Amino acid sequence: MQHTEKLFKGKTVAILSGGGDTPAINSSIENIRNRALILGFKVYGIRQGWKGLLGEGDIVDLTNQPYNGAYGGTALCSSRTNPFPSEKNPEDRVPQIVANLKRYKIDVLITIGGDDTNGAAKRLYEREGIPVIGFPKTIDNDLRTRTIHTYQGKEIEAVLCPGYPTAALRVSEMARHLRSTNESHQRIMVLEVMGRDAGWLTGSAVFGGAELALVPEYEMTAERKERFFNVVKEKYQEKKNLIIAVSEGVRWWDEASQKLSMVYASSETDEYGHPRFGGVSGVIASEISNRLGISARSQISGYYPRSGYCCDYDKLLTSTLADKVLDLLLREDYGKMPVMNKMVPKEQVEEYNTSTIDMGCIGNRPLQDEYYDTDNFVFTDAYVNFLSNILGKPYLPEFGYKFAKVNPDML
Ligand code: F6P
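Just so you know, these numbers come straight off a predicted model, no measurement behind them.

Reading the values: rules and limits
Residues numbered from 1 in each chain as written. Predicted model: local features only at pLDDT ≥ 70, side-chain atom pairs only at ≥ 80, totals over all residues. Heavy atoms only, no water. Salt bridge = Lys/Arg side-chain N within 4 Å of Asp/Glu carboxyl O. Helix = DSSP H or I, 4+ residues; strand = E, 2+ residues; numbered from the N terminus. Buried < 20%, exposed > 50% of the residue type's maximum accessible area, 1.4 Å probe, protein only. Expected span 1.5 Å × (residues − 1). Contact = heavy atoms within 4.5 Å. Domains from an automatic or database assignment. Buried area = accessible area lost by both parts, 1.4 Å probe. Polar contact = N/O pair within 3.5 Å; in protein donor to acceptor, adjacent residues only side chain to side chain. Nonpolar A, V, L, I, M, F, W, Y, C, P; charged D, E, K, R; others polar.

### Details of the pattern of salt bridges
Stage number 1. All told, the structure shown has 24 salt bridges when counted by the stated rule.
Stage number 2. The shortest N-O distance in the salt bridge between Glu56 and Arg103 comes to 3.1 Å. Remark: Arg103 occurs in helix α3 (residues 94-103) and Glu56 occurs in the loop between β2 (42-46) and β3 (59-61); sequence separation between them is 47 residues.
Stage number 3. Overall, Glu56 belongs to the exposed group, its relative accessible area being 58%.
Stage number 4. Across the pair Glu226 and Arg291 runs a salt bridge, and its minimum N-O distance is 3.0 Å.

### Quick look at helix α6 (residues 222-239)
Stage number 1. A rise of 1.5 Å per residue sets the reference length of α6, with its 18 residues, at 26 Å; its end C-alpha atoms lie 26 Å apart and thus fit the reference within 8%.
Stage number 2. Three or more residues of α6 are buried, namely Arg224, Lys225, Phe228, Phe229, Val231, Val232 and Tyr236.
Stage number 3. Residues of α6 that are buried make contact with β8 (188-193), β9 (212-214), β10 (242-247), β11 (252-254), α7 (280-292) and β18 (372-373).

### Here's the deal with the domain arrangement of the protein chain
Stage number 1. Splitting the protein chain by domain gives domain 1 (12-145 + 310-361) and domain 2 (166-305 + 368-391).
Stage number 2. Computed from C-alpha atoms alone, the centre-to-centre distance between domain 1 and domain 2 is 32 Å.
Stage number 3. Between domain 1 and domain 2, the contact holds 25 residues from the first and 18 residues from the second.
Stage number 4. When domain 1 packs against domain 2, the two sides together hide about 1,900 Å² of surface, and 55% of this comes from carbon and sulfur.
Stage number 5. The interface formed by domain 1 and domain 2 holds two salt bridges in total.
Stage number 6. Between domain 1 and domain 2 we count nine residue pairs in polar contact (both at pLDDT 80 or more) in total.
Stage number 7. Looking at the side of domain 1 that touches domain 2, the elements with two or more residues in it are α4 (115-128) and α8 (312-330).
Stage number 8. Broken down by class, the residue content of the side of domain 1 that touches domain 2 amounts to eleven nonpolar, six polar and eight charged.

Structure follows, in structure tokens:
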């Protein structure tokens with residue numbers, strides 16, 4: 001222990017978190033911080049993502065501070081600041097960032113983020129030679145991690161990002177809870193879930209009983225919409241209430257404009273050019289009511305899946321991936337990001353199941369075809385098997401009553 005402490009004594013690691021928060025970021029920070037301390041590093045936190053490296057810098061010392069990793073969000077705060085020129089901000093901020101890394105004597109930068117934050121980190125590593133280690137994070141679960149899921153002997157390239165397990169748990173609980181109000185009113189509930197470009201998180205509603213799902217990967221063209229309404233009608237006749245999970249980024253055929261459209265919460269875009277989605281569930285629910293004459297409501301899960309305490313799977317995942325960070329730090333091996341190489345249940349979330357991917361391969365990974373049945377608008381058994389590693393079996397309570405009907409003629 002003493003030997004390794006001396007090894008990196010006098011060196012500094014700085015951690016930042018960028019993009020949308022998740023319930024697992026504080027856990028990631030705590031675990032990375034603890035591993036870096038073991039090696040003798042001083043550990044800094046950069047506040048508000050890349051923003052904390054602009055101007056005078058906004059850097060805090062985490063070295064001997066208490067840190068509650070179970071609490072959701074990020075105590076370092078986050079932003080969607082882009083170091084590189086963008087439509088929204090044409091300024092190249094890289095010189096400021098490089099200058100601050102020098103000024104604060106930061107030797108290694110660890111970036112907790114999705115495609116945007118880690119994509120920028122990769123460019124800083126490649127362009128400026130900054131020693132960077134990426135760390136995955138997103139509730140959308142669409143940052144490529146090359147995690148292999150073996151299902152019925154077939155290897156599927158899946159994704160496993162810290163934050164997704166807790167968010168998936170929340171979405172599944174929300175769907176499950178909505179069931180009772182839905183059953184009471186014999187309604188269709190359209191449950192909207194975050195996910196601009198990928199439906200990984202939307203699929204978790206299946207674990208709370210959602211019967212149907214729409215995801216951004218498969219556009220709802222005019223023809224597919226027709227088929228969808230038929231499926232909804234059939235299913236409703238059978239069950240008398242339905243939950244339909246939809247991703248916020250679903251591309252939905254708009255009758256008025258005769259085009260595929262997306263529903264935005266505002267006209268703003270961030271510095272990475274992303275719009276803010278929200279409201280497609282309302283559009284779908286009202287079209288269902290109008291077309292089928294069935295009572296339908298919409299419910300946006302919004303920020304709820306992103307909020308609150310971090311679940312046990314995420315705690316283990318972040319601690320295991322942090323073990324891999326320790327390994328990278330020890331070997332001074334930069335430009336990499338730790339990942340799980342296999343989709344495994346909680347008991348096997350261990351360092352022997354991790355590997356790294358080159359930050360050069362940073363990118364998005366939408367749902368694989370194996371996970372979604374485009375004809376029936378449902379997630380497949382392969383997806384259920386994938387997510388059962390995290391959530392166990394789907395739990396689907398229903399009204400259990402079979403009351404005998406009273407016939408006044410028999411009285
Ligand atoms: O980080 C990704 C995400 O969770 C998306 O699913 C969502 O569209 C976005 O964040 C919303 O983030 P915010 O409103 O915080 O910018």
